[in-house]
Amino acid sequence: QAQLVESGGGLVQPGGSLRLSCAASGSIFAIYTMGWYRQAPGKERELVARETSGGTTNYADSVKGRFTLSRDKSKNTVYLQMNSLKPEDTAVYYCNAQPLPLPYSNYPAYWGQGTQVTVSS
């Protein structure tokens, strides 16, 4: 069993920056890909950025060039650097871990508890 704990959310003005962190417990970091999703009020949860099993990172079109996902293996932590924030980025942001393909594909996925990001003047 593993846990994902997010931090770093808050209130920021348009054009500002925030860095979200997601600390993963257990030994999942080596056999999972990590990603970030968000859910705005009244909307479905959507992908923001996630690693692929091939080692690349996919980004939603709405955040390309502004957000960057990175990981620190020594800290079992994945980050989402968010720059040039816009009011439409306001949402609860969730960290997600998905197992790599076989032989790990039957392992469970994990979600963090979410952290609120509000972009407003």
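Here's what I pulled together on the structure shown here. (Residues numbered from 1 in each chain as written. Predicted model: local features only at pLDDT ≥ 70, side-chain atom pairs only at ≥ 80, totals over all residues. Heavy atoms only, no water.)

## Some thoughts on the nonpolar core
- L4, W36, L80, M82 and Y93 are the most contacted members of the largest nonpolar core, which totals 31 residues.
- Listing elements by their share of this core, those giving two or more residues are strand 3 (18–24), strand 4 (32–39), strand 5 (46–51), strand 7 (67–72), strand 8 (77–82), strand 9 (91–99) and strand 11 (115–119).
- Residue contacts for M82: discarding those within four places in its chain leaves G16, S17, L18, L20, R66, F67, Y93 and V117. (Core = buried A, V, L, I, M, F, W, Y, C linked by side-chain atoms within 4.5 Å. Buried < 20%, exposed > 50% of the residue type's maximum accessible area, 1.4 Å probe, protein only. Helix = DSSP H or I, 4+ residues; strand = E, 2+ residues; numbered from the N terminus. Contact = heavy atoms within 4.5 Å.)

## Some words on the sheet that holds strand 1 (residues 4–7)
- One open sheet holds the 4 strands; their spatial order is 1-3-8-7, and the pairing between them is antiparallel. The sheet terminates laterally at strand 1 and strand 7, the two strands that pair on one side only. Going across the sheet, the axis of each strand differs from the next one's by a mean of 15°, ignoring polarity. (Pairing = 2+ DSSP bridges. Axes fitted to C-alpha atoms, helices over the stretch in contact; angles between N-to-C directions.)

## Observations regarding the pattern of salt bridges
- Going through the model one piece at a time under the given rule, you end up with 5 salt bridges.
- Notably, a salt bridge pairs R38 with D89, separated by 3.0 Å at the nearest N-O pair. In this pair, R38 is assigned in strand 4 and D89 in the loop between strand 8 and strand 9, connecting sequence segments 51 residues apart.
- On the accessibility criterion, D89 (0% relative accessible area) is buried.
- In this structure, R71 engages E51 in a salt bridge whose closest nitrogen and oxygen atoms are separated by 2.7 Å. Residue R71 is found in strand 7, and its partner E51 is found in strand 5; the two are separated by 20 residues along the sequence.
- Judged by its relative accessible area of 26%, R71 falls in the partly exposed class.
- Accessibility expressed as a relative area gives 12% for E51, which makes it buried. (Salt bridge = Lys/Arg side-chain N within 4 Å of Asp/Glu carboxyl O.)

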